[in-house]
Amino acid sequence: SAVISQKPSRDICQRGTSLTIQCQVDSQVTMMFWYRQQPGQSLTLIATANQGSEATYESGFVIDKFPISRPNLTFSTLTVSNMSPEDSSIYLCSVDPLGGQETQYFGPGTRLLVL
Amino acid sequence: QKEVEQNSGPLSVPEGAIASLNCTYSDRGSQSFFWYRQYSGKSPELIMSIYSNGDKEDGRFTAQLNKASQYVSLLIRDSQPSDSATYLCAVKAGGQNFVFGPGTRLSVLP
């Protein structure tokens, strides 16, 4: 497995602002993933972030709204831009420490409330 | 559209009973299957993975896979109140991303 930390753990933001969420892993991993979990819902993949390449976004998610950085093999950031109340959610990063997407382990999540 | 379906619950079982959680999936190319447990306010944690037809046991947990029926289940024996959580089924086809089901809420009554 892997030890994953996220910052911030929670935040309350105003409409129209942006928030950057950090994800740190205790070991080098090729693939990192960003998910959203809206209240009472399951996990929806936002994008896959590989070091050294552009993030791959899932249908319904765009880079302008959710820019992602992956500067090295242990760190990634997700920015939620120009926020609206509909962005209120839990944002989770996950990693596949074995490579090949054989499994995923999740960070503790960032709880975001947009007023 | 690749789909993973689960009964949303809540599924209530008495302490000590067997809890049976079910999951069906639409993509016949799926090769890897996972069960995650998510306590309220926490992130999902991996319980079990299964890749071949049949049963796989790990302590009180047994995962069952039937690829012909596109069905995977999780049995929890001797259920405890601490097992009360939402259980997420996740499915992955080769080279593809995980697809998560909506989750089943389990409540184990003391």
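Here is a short report on the structure shown in this document. (Residues numbered from 1 in each chain as written. Chains lettered and ligands numbered in written order. Predicted model: local features only at pLDDT ≥ 70, side-chain atom pairs only at ≥ 80, totals over all residues. Heavy atoms only, no water.)

Here the focus is empty space enclosed by the protein. Residue and element names in this part refer to chain B. One pass over the structure, following the stated rule, counts 1 cavity of 30 Å³ or more. Looking at the largest cavity, its volume works out to about 70 Å³. Forming the boundary of the largest cavity are 13 residues, of which K2, D27, S30, V91 and V99 lie nearest the centre. Residues belonging to the lining of the largest cavity are distributed by class as follows: 5 nonpolar, 4 polar and 4 charged. (1 Å grid on protein atoms, 1.4 Å probe; cavity = no way out; pocket = protein on both sides within 12 Å on 5 of 7 lines; lining within 4 Å. Points joined across faces, edges and corners; volume = space filled by probe spheres on them. Nonpolar A, V, L, I, M, F, W, Y, C, P; charged D, E, K, R; others polar.)

Moving on, we get to the sheet that holds strand β6 (residues 54-58) of chain B. Across the sheet, which stays open at both edges, the 5 strands sit in the order β1-β3-β8-β7-β6 (chain B) with antiparallel pairing between neighbours. Among the strands making up the open sheet, the edge pair consists of β1 (4-5) and β6 of chain B. (Pairing = 2+ DSSP bridges. Helix = DSSP H or I, 4+ residues; strand = E, 2+ residues; numbered from the N terminus.)

Consider a sheet: its strands pair through backbone hydrogen bonds, and that pairing is either parallel or antiparallel. All names here are of chain A. Pairing in this open sheet of 4 strands is antiparallel, and the strands run β1-β3-β8-β7 from one edge to the other. Taken across any chain shown, the strands that pair with only one partner, and hence form the sheet edges, are β1 (4-7) and β7 (68-72). Going from strand to strand, the sheet's axes swing by 15° on average, the running direction of each strand aside. Where strand β3 (residues 19-25) lies against strand β8 (residues 75-80), 6 bridges are found, and the strand directions are antiparallel. Residue L19 lies in a different strand from β8, and its bridge partner there is V80. (Axes fitted to C-alpha atoms, helices over the stretch in contact; angles between N-to-C directions.)

Side-chain positions along a regular strand alternate between the two faces of the sheet. Residues and elements named next belong to chain B. Where β6 and strand β7 (residues 61-66) come together, 5 bridges link them in antiparallel fashion. When the bridges of β7 are listed, D58 appears paired with F61. The turn linking β6 back onto β7 is made up of 2 residues, and G59 within it adopts a positive phi angle of 65°.

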